[in-house]
Amino acid sequence: MREQFERNGFSIVESVIQPSECDDMIARLERFTEYRSRAGIRNLMTFPEVAAISNDPRLIGLTIHIIGQPLIPFKATLFEKSGKANWLVAWHQDTAIPVEKAVNSDGWGPASVKEGITFMHAPAPVLSKILAIRIHLDASTDSNGPLRVVPGTHTKRLSDDDLSGVAAVRPQEVCTVGKGGVIAMSPLLVHASSKCNTDEPRRVLHIEYARELEIGPNIRLAMA
C-alpha cells in the first residue's frame, strides 16, 4: 500500500467501514441541516460523531500503513452530490489548510476566513506531510460524479496553468469505490470530479490528517 501511494499519490482500499456504519453516519449527518451548503458540510471535526470516526483504529491503521506512523485528524468535510445537489470540480490540488492564526512566512498565503476559521495556502513541503482519507458513505460509481485523478502528480505544487496542462497530457484514472471503501490521497494529487448523471447520491466524508498539529515554525493547525 505504501509503495503504491508513494508512486501514485493515492490508494483505494475497499470495505474499511461496514455499510451499516455508513448508514448510521448518514443519519447522524442528516441532522446537521443548519450547517449544510449546496455541496455538503464544512468544519465537521468539532462534532463528536465525526471526531470519533476520524480516530477509528481502522483509519488510524491506514495512516500507519501508508505514512509509517499514526496521524492526527484535524479537518473533516462532507461532500454530498446527487441529481438534486449537483456540481462539478475542475482540476486542482488541495493547498489550503486551517490554521489557528494567519502567518507571514515564505511559501504561505494568501489567507481567507471560512465560517470563522482561517485558511492559508501552504507550501509543498507542508502539504506532503498531510494525508486525506475519503470515506465513501455511498458507492461511488461511473454515473454519480466519482473522483478523477492524475496519478503521480503529488510531488509539487502546480500553477493554475500547469494544472490544466498536466490533466490534458497525462493519463487519468476514475476512482470508483464501494460503500464503506476509502481513497487515501495526498492533497497535492491533481484531482477533479464531474456532475452526477443520476439521482443516486455520492456522499463522501473527507478527513485530513497530519503528523503533528505544529505544522511549521509558529504555525499550528486548527480543528475544522
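Because the structure is a prediction, the values reported are computed rather than measured.

Caption draft 1: Up close: helix H4 (residues 57-67). Those residues of H4 not exposed but buried are Leu59, Ile60, Leu62, Thr63 and Ile66. Across the axial projection of H4, the buried residues extend over an arc of 150°, all falling on one side. The outward face of H4, more than 90 degrees from its buried face, is lined by the exposed residues Pro57 and His65. Buried residues along H4 sit against helix H1 (2-8), strand S1 (10-13), helix H3 (48-54), strand S8 (130-136), strand S11 (182-185) and strand S13 (202-210). Residue Asp56 occupies the N-cap position of H4, its side-chain oxygen lying 2.8 Å from the main-chain nitrogen of Arg58. Looking one or two residues past H4, Gly68 carries a phi angle of roughly 100°, positive in sign.

Caption draft 2: Representation of the layout of surface pockets in the model. Roughly 580 Å³ of volume is contained in the largest pocket. Around the largest pocket, the lining comprises 27 residues; the ones closest to its centre are Arg42, Lys75, Phe79, His92 and Asp94. Sorting the residues of the lining of the largest pocket by element identifies strand S2 (40-41), strand S3 (72-81), strand S4 (89-92), strand S7 (117-121), strand S12 (191-193) and S13 as the ones contributing at least two each. Here the residues of the lining of the largest pocket are counted per class, giving 10 nonpolar, 10 polar and seven charged. By volume, the second largest pocket is sized at about 170 Å³. Residue lining of the second largest pocket: Arg2, Phe5, Glu6, Ile66, Ile67, Ser128, Ile130, His154, Ser186 and Arg211, and that is the complete set. It is H1 that contributes the most residues to the lining of the second largest pocket, three residues altogether. A class-by-class count of the residues in the lining of the second largest pocket yields four nonpolar, three polar and three charged.

Caption draft 3: Highlighting the sheet that holds S12. Taken in spatial order, the four strands line up as S4-S12-S9-S10 in an open sheet, and their pairing is antiparallel. Across the chains shown, the open sheet's two edge strands, defined by having one partner strand only, are S4 and strand S10 (173-175). Each strand of the sheet is rotated relative to its neighbour by a mean of 25°, with strand direction disregarded. Across two bridges, S4 lies against S12 in antiparallel orientation. Within S12, the position partnered with His92 by the bridge is His191.

Rules of the game
Residues numbered from 1 in each chain as written. Predicted model: local features only at pLDDT ≥ 70, side-chain atom pairs only at ≥ 80, totals over all residues. Heavy atoms only, no water. Buried < 20%, exposed > 50% of the residue type's maximum accessible area, 1.4 Å probe, protein only. Helix = DSSP H or I, 4+ residues; strand = E, 2+ residues; numbered from the N terminus. Arc of directions from axis to C-beta. Contact = heavy atoms within 4.5 Å. Polar contact = N/O pair within 3.5 Å; in protein donor to acceptor, adjacent residues only side chain to side chain. 1 Å grid on protein atoms, 1.4 Å probe; cavity = no way out; pocket = protein on both sides within 12 Å on 5 of 7 lines; lining within 4 Å. Points joined across faces, edges and corners; volume = space filled by probe spheres on them. Nonpolar A, V, L, I, M, F, W, Y, C, P; charged D, E, K, R; others polar. Pairing = 2+ DSSP bridges. Axes fitted to C-alpha atoms, helices over the stretch in contact; angles between N-to-C directions.

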